[in-house]
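The lines below spell out each chain.
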Amino acid sequence: MSSSTTERKLVVDRRGHFLPLSPSEVGSAGKTGSWRTERPVLSPEKCTSCYLCWLYCPDDVITMEPRGPEGNEIPVIDYEYCKGCGICVDVCPVNALSMISEEEPIEIQR
Amino acid sequence: MIEMALNIKSLPKKKYVMPGHAACPGCPETIGFRHLGMALGDKAVTVIPAGCSAVIQGLWPKQGWGLPALNIVFAAGAATASGLARALERRGVDAHVVVWAGDGGTADIGLQSLSGAAERGENIIYVCVDNEAYMNTGIQRSSLTPHGAWTTTTHRGNPGTKKPIPQIVAAHRVPYVATASIGYPWDFIAKLRKAAKIRGFKYIHLHAPCPVGWRFDAGLTGKIAKLAVETGAWILYEYENGKLKLNPPSNRLLDPSKRKPIEEYIKLQGRFRNISPESLEVLKRDIDRNWEEIRTALRAQGDL
Amino acid sequence: MANSIPKPQWQVTGQLIPMRGNDAVAYAVKLARVEFVAAYPITPQTIIVEKIDEMISHGELEADMMHVESEHSALAATYGAAIGGVRAFTATSSHGLAYMYEVLWWVAGSRIPVVMAIVARAIGPPWNIHVEHSDVMVTRETGWLVSVAENNQEALDLTILMFRVTEDPRVYLPGIIGLDGFILSHTVEPVDVPPQEVIDEFLPPRRQPYVFEPGRLVAMGNLMPDEIFEEHRIDMHYSLASASRVIKEAGREYAKLTGRDYSNLTECYRCSDADYLIAGTGSWMGDAKIAVDLLREKGLKFGALRLRWIRPFPWDEVREVGLNKKLVVILDRSISFGYAGQLFIELSSALEAKPSIVGVPAGIGGLDISYSDIAYIGEEAVRLLEEKGRIYIPVLWYHLGGFKSLPPSRQIETTRRAQFLSIDIESIGEDENR
Ligand SMILES: Cc1ncc(C[n+]2csc(CCOP(=O)(O)OP(=O)(O)O)c2C)c(N)n1
Ligand code: SF4
Ligand code: SF4
Ligand code: SF4
């Protein structure tokens, strides 16, 4: 991995010192969605908008958005970074989420 | 005091953990760190000794925590935070300086520095993220590994038992000591917020089941954390100015018959797969003793 | 206290106060308006933090004093305060330094200015609280600036200079002032304490490359790709190597304000016309100057080269005075076991071994070395040179009035004492099969 000029700007001070500082940014370990073997998928009609999946997601890849059947908030998962751990599925009290194999064809939700 | 009912939806939506960080799938430390950010918000500055939470940040020039993270040598979490907190206070900067350390960084190599900061009454919040082994170096036993657990240095099961760190810290007569679990975010968040309002040294011991080190399915992190509490293997309580109080749901579990059998907790974990019946008895005795000590303390306070 | 003193002119100004070397460091800390001090006792350093605590409790210094539980925490807390944006100081010796060793690396790699005094002392076992440079020398690799004082005045002046240099944006690295245990630390000498106004003029408010505080969403020190890590190290190296310029600049300015010249990283005494040099660092170089006078009286044209700075290494200055000499005798108050004294290793490489060179470890564990010892060492070295034509001896250990050569030169002179020692070792059962 080579450092681009924009990267350098972040860590080099005015005197050109190389500072061991890294700003908070998504993807510090790359596109971690590629680590997945299974993905969580939502059945929007079952979701009660309880936020538990959002609260527990270790990768903070869930955002709650008003895209449910009643305009209610449902989890929208960022598959670019979701590692497929399955915690959201486990904590959902109404089984609105389930894990499917990455082999299975993707059903676009929205 | 009546527990603050925490409305999940009112929690900050800001990302305190950056998607695409380097933690294993299902990592408890990242779950806990999110709750830390939600509880304390942007006034928090973290000091992080060596451990998984250092590596989780990922690779320069990015970092995976959504809070300032000062990495520091393994043994120096509390000392570094002490200096930082004093400097920020001197400069009039309103901040919550938080040590975010593993069980090894707390109970073993960092204990002296922790004790020093506690005794001096430094104005910091110390969170021990207890995944019950040295995970970052590949699952070696620490003094917070439970009895009978397999690690890469206890192939025949851990001969020791968990060091009572919350009691050791409480014995320093600090204003606030609490236990928490990543399975009970609202409890942890409420405790952090309470700690943030108290001046002096605050200690929160966060139970953090690790799928990699404990050998369970990554999706079960939350469930196992809850089972630890429901079976009584992990107890939620707090010491405010030395006064002990059990927190829900542990406050309902003083009577052993209300607890789920410990087997429900350990059967899901590969690290206990080969535990001998004798070791299991020791583990149970150990848990009973923790409860007994709590009962004694509550009684001594006149709360039982 | 300093208020009674009128505004200085260009000359030596302040107030002449008799004080111990450790007090001199404490006075410098006060003059530098240090805001955070971490204290942990170890002989012979302890007086520094005691004195600072006294100053704080008398309201002479407005600083946070943290009474930590170890040296590891002392430096870690000092670093925490420094990274939080305040001028911070700590001090240690010997085992204390060894105990905080990993933190030294962390501070330097963070590029955070911190100043620390090391009151030089032997490292055990056996326990020994006396002067030796082993502790100062192990800091050379860590990315800190390292200076060593000859006397109490220098201990004060170098401490003030160190704040200025380490906080210079061209440097941004931490710095160490070494001073000899007991010989300086506990010995009273008159020290000129500059007025506060002078130091305020000399030392700008604290600067540092970044401050750790809420809202700045950065991590300090997370993993780096190896090639970037190496770049970071390269920058550390060049920042430290080129700190010489900053030191000289600051030293010149300090000279203007106080009359004391620190514009060189070395000090040369009667070097220019000398055939032979005695080189070294620390308080005994004061005795070396007397030895030079004595040797010159005997017709041996000696000079003394004192390293005031170890890091950055004063390469140019050393070469300028040393390259064309017939002989350089290097005094080391420490040894890199199995090779030679550290200054021998460093100076002989800077001098490309062009002059004849003799490395003389001496005064280890606080053994007293007087100017007559040094004169004797110089004379013997010249005698050896004249006998052999050219000499290059890494270790010619001076011990109780005589030499004990050791490997790698392998010229073992079996003194009566050495025989006695070897008998002793056999009788306690040394493994002979090794
Ligand atoms: C002085 C020192 N010794 C050993 C190490 C190696 N080391 C790095 S992280 C770690 C384990 C951390 O364990 P813990 O504190 O329990 O945190 P976890 O990784 O489990 O989150 C060890 C032993 C080190 N970095 N520094
Ligand atoms: S599978 Fe894991 S990472 Fe993906 S959304 Fe669910 S909890 Fe988050
Ligand atoms: S946990 Fe289940 S019910 Fe609750 S918001 Fe998530 S998907 Fe909906
Ligand atoms: S080993 Fe455990 S604690 Fe460490 S990063 Fe992986 S899941 Fe998290």
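What you see as residue numbers is a count from 1 along each chain, following the sequence as written. Written order decides the labels, with chains lettered from A and ligands numbered from 1. Confidence filtering applies because this is a predicted model: local features only for residues at pLDDT of at least 70, side-chain atom pairs given and counted only at 80 or more, and all residues used for totals across whole chains, interfaces and linings. Each side-chain value is derived from all of the structure's non-hydrogen atoms; neither hydrogens nor water enter the calculation.

Remarks on the overall build of chain A
For chain A, the helix and strand inventory stands at 3 helices and 5 strands. In sequence order, chain A lays out its α and β elements as α-β-β-α-β-β-α-β. Scored against the burial criterion, the 110 residues of chain A give a buried share of 51%. We call two residues in contact whenever any of their non-hydrogen atoms come within 4.5 Å of each other. The long-range fraction of contacts in chain A, counting pairs at least 24 apart against all pairs at least 6 apart in sequence, stands at 62%. Only runs of H or I of at least four residues qualify as helices and only runs of E of at least two qualify as strands under DSSP, and these elements are numbered from the N terminus. A simple rule labels every residue: compare its accessible area, found with a 1.4 Å probe on the protein chains alone, to the largest value its type can have, and call it buried under 20%, exposed over 50%, or partly exposed in between.

Structural notes on the interface of chain C and chain A
The interface of chain C with chain A comprises 23 residues on the first partner and 15 residues on the second. For the pair chain C and chain A, the summed buried area comes to about 1,500 Å², and 60% of that belongs to carbon and sulfur atoms. Each reported salt bridge corresponds to a side-chain nitrogen of Lys or Arg within 4 Å of a carboxyl oxygen of Asp or Glu. The interface formed by chain C and chain A contains 0 salt bridges. At the level of elements, helix H5 (101-110), strand E9 (218-220) and helix H9 (226-241) of chain C are the ones that each hand at least two residues to the side of chain C that touches chain A. In terms of residues, the side of chain C that touches chain A owes the most to one element, H9(C), which gives 6 residues. Strands qualify as paired when DSSP identifies two bridges or more between them. Where strand E1 (residues 21-23) of chain A lies against E9(C), 3 bridges are found, and the strand directions are antiparallel. Throughout, buried area stands for the accessible area (probe radius 1.4 Å) lost by two parts on being put together, summed over both.

A word on unusual backbone geometry
Residue and element names in this part refer to chain C. For the bond running from Thr43 to Pro44, omega is 0 degrees, close enough to zero to count as cis. By the secondary structure assignment, Pro44 is in the loop between strand E2 (36-39) and helix H2 (47-57). A cis amide bond, omega 0 degrees, links Gly124 with the succeeding residue Pro125. At Arg33, a residue that is not glycine, the phi angle is positive and equals roughly 55 degrees.

Observations regarding the site of ligand 4
Residue and element names in this part refer to chain B. Close to ligand 4 lie Cys24, Cys27, Pro28, Glu29, Cys52, Ile56, Asn131, Met135, Cys210, Pro211 and Val212. Only helix H1 (28-40) and helix H8 (211-214) provide two or more residues apiece to the shell around ligand 4. Residue classes follow a fixed rule: Ala, Val, Leu, Ile, Met, Phe, Trp, Tyr, Cys and Pro count as nonpolar, while Asp, Glu, Lys and Arg count as charged, and any other residue, Gly among them, counts as polar. Each residue belonging to the shell around ligand 4 can be placed in one class, and the counts come to 9 nonpolar, 1 polar and 1 charged. For this purpose, a residue is taken to be near a molecule or strand whenever a single non-hydrogen atom of the residue falls within 4 Å of it.

Thoughts on the side chain of His232(C)
With respect to the helices and strands, His232(C) occurs in helix H9. Those residues in contact with His232(C) that sit more than four places away from it in its chain are Phe18(A), Pro20(A), Gly109(C), Arg111(C) and Met224(C).

Let's talk about the site of ligand 3
Taken together, the neighbourhood of ligand 3 is formed by 14 residues, with Cys47(A), Cys50(A), Tyr51(A), Cys53(A) and Cys92(A) sitting nearest. Here the residues of the shell around ligand 3 are counted per class, giving 12 nonpolar, 2 polar and no charged.

Description of the confidence of the model for chain A
On average, residues of chain A score 88 in pLDDT, and 85% of them are at 70 or above. Of the regions scoring below 50 in pLDDT, residues 1-9 of chain A engages in 14 contacts with residues more than four places distant in sequence or in other chains. The pLDDT value tells you how sure the predictor is about a given residue, anywhere from 0 up to 100.

Thoughts on the sheet that holds strand E7 (residues 237-240) of chain B
Within the open sheet, the 10 strands sit side by side as E1(A)-E9(C)-E2(B)-E1(B)-E3(B)-E4(B)-E6(B)-E5(B)-E7(B)-E8(B). Their pairing is mixed. Since the sheet does not close on itself, it has two edges, and those belong to E1 of chain A together with strand E8 (243-246) of chain B, each with one partner. Each strand of the sheet is rotated relative to its neighbour by a mean of 20 degrees, with strand direction disregarded. With 3 bridges connecting them, strand E5 (residues 176-181) of chain B and E7(B) associate as antiparallel partners. Each bridged residue has a counterpart across the sheet, and for Tyr176(B) the counterpart in E7(B) is Glu240(B). Working convention: axes come from line fits to C-alpha atoms, limited for helices to the stretch in contact. Angles between N-to-C directions cover 0 to 180 degrees. Together, E7 and E8 of chain B form the strand contacts of helix H11 (residues 277-300) of chain B, whose direction differs from that of E8(B) by roughly 125 degrees.

Considerations on the sheet that holds strand E10 (residues 266-269) of chain C
Residue and element names in this part refer to chain C. Spatial ordering of the open sheet is given by E10-E12-E11-E14-E15-E16, a layout of 6 strands whose pairing is mixed. Pairing within the sheet leaves two strands with one partner each, and these edge strands are E10 and strand E16 (392-393). The sheet contact formed by strand E11 (residues 276-280) and strand E14 (residues 327-332) spans 4 bridges and is parallel. Of the residues in E14, the one forming a bridge with Leu277 is Val328. On the sheet, helix H11 (residues 284-297) packs against E10, E11, strand E12 (302-307) and E14 and is oriented at approximately 170 degrees with respect to E12. In the packing of helix H13 (residues 342-350) onto the sheet, the strands contacted are E11, E12, E14, strand E15 (356-361) and E16, and the crossing angle to E14 comes to about 150 degrees.

Digging into the nonpolar core
Among buried residues, the Ala, Val, Leu, Ile, Met, Phe, Trp, Tyr and Cys ones that are joined through side-chain atoms within 4.5 Å form a nonpolar core. Of all hydrophobic cores here, the largest spans 182 residues; its most connected members are Phe201(B), Ile52(C), Phe89(C) and Leu145(C). For every domain, the bounds stem from an assignment made automatically or drawn from a database. There are two domains that each give this core at least three residues, and those are domain 1 (15-258) and domain 2 (266-428) of chain C. Among all residues touching Ile52(C), those that are not within four sequence positions of it are Ala26(C), Val29(C), Val37(C), Leu61(C), Met65(C) and Phe89(C). Counting residues in each nonpolar core, the second largest holds 63 residues, with Cys27(B), Ala44(B), Ile48(B) and Ala208(B) among its members.

Quick look at the interface of chain A and chain B
With 39 residues of chain A at the contact, the number on the chain B side is 48 residues. Surface buried jointly by chain A and chain B totals about 3,300 Å² across both partners, of which 59% is contributed by carbon and sulfur atoms. Where chain A touches chain B, the interface holds 3 salt bridges. A salt bridge links Arg34(B) to Asp60(A); its shortest N-O distance comes to 3.2 Å. Polar contact is the term for a pair of N or O atoms within 3.5 Å; when the atoms are in protein, one must be able to donate a hydrogen and the other to accept it, and sequence-neighboring residues count only if both atoms are side-chain atoms. Across the contact surface, chain A and chain B share 25 residue pairs in polar contact (both at pLDDT 80 or more).

Some points on the pattern of salt bridges
In total, this model carries 64 salt bridges over all chains according to the counting rule given. With a shortest N-O distance of 2.8 Å, Arg67(A) and Glu65(A) are connected by a salt bridge. Taking relative accessible area as the criterion, Glu65(A) reaches 25% and is therefore assigned partly exposed. As a salt-bridge pair, Glu267(C) and Lys289(C) come within 2.9 Å of each other at their nearest N and O atoms. Of this pair, Glu267(C) sits in strand E10 while Lys289(C) sits in helix H11, and the two are 22 residues apart along the sequence.

So, H2(C)
Residue and element names in this part refer to chain C. Among all positions of H2, only Ile47, Ile48, Val49, Lys51, Ile52, Met55 and Ile56 are buried. Turning to H2, the residues buried within the fold contact strand E1 (15-20), helix H1 (21-31), E2, strand E3 (64-67), strand E4 (88-92) and strand E5 (115-120). Just past H2, the residue Gly59 takes up positive phi, approximately 75 degrees.

A look at the pairing of E7(B)
Residues and elements named next belong to chain B. By the bridge criterion, 4 bridges tie E7 to E8 in an arrangement that is antiparallel. Within E8, the residue paired with Tyr237 across the bridge is Leu246. The hairpin formed by E7 and E8 contains 2 residues between the paired strands, and Asn241 there has a positive phi angle of roughly 50 degrees.

Structural notes on the packing of aromatic side chains
Whether two aromatic rings pair depends on their centres lying within 6.5 Å, for rings of Phe, Tyr and Trp, where Trp uses its six-membered ring; planes under 30 degrees apart make the pair stacked, over 60 edge-to-face, and the rest tilted. As enumerated under the stated definition, the model contains 19 aromatic pairs over all chains in all. With centroids separated by 6.2 Å and ring planes inclined at 75 degrees, the aromatic side chains of Trp214(B) and Phe216(B) adopt a geometry described as edge-to-face. The class of Trp214(B) is buried, set by a relative accessible area of 0%. Relative accessible area serves as the criterion here: at 8%, Phe216(B) is assigned to the buried category. Taken together, Phe33(B), Trp65(B) and Trp100(B) form an aromatic cluster joined through their ring pairs. Geometrically, a lysine NZ or arginine CZ counts as sitting over a ring once it is within 6 Å of the ring centre and also within 35 degrees of the ring normal. Sitting over the face of the ring of Tyr79(A), Arg39(A) holds its NZ or CZ atom 4.5 Å from the ring centroid. Positioned above the aromatic ring of Trp54(A), the side-chain terminus of Lys13(B) is 5.3 Å from the ring centre.

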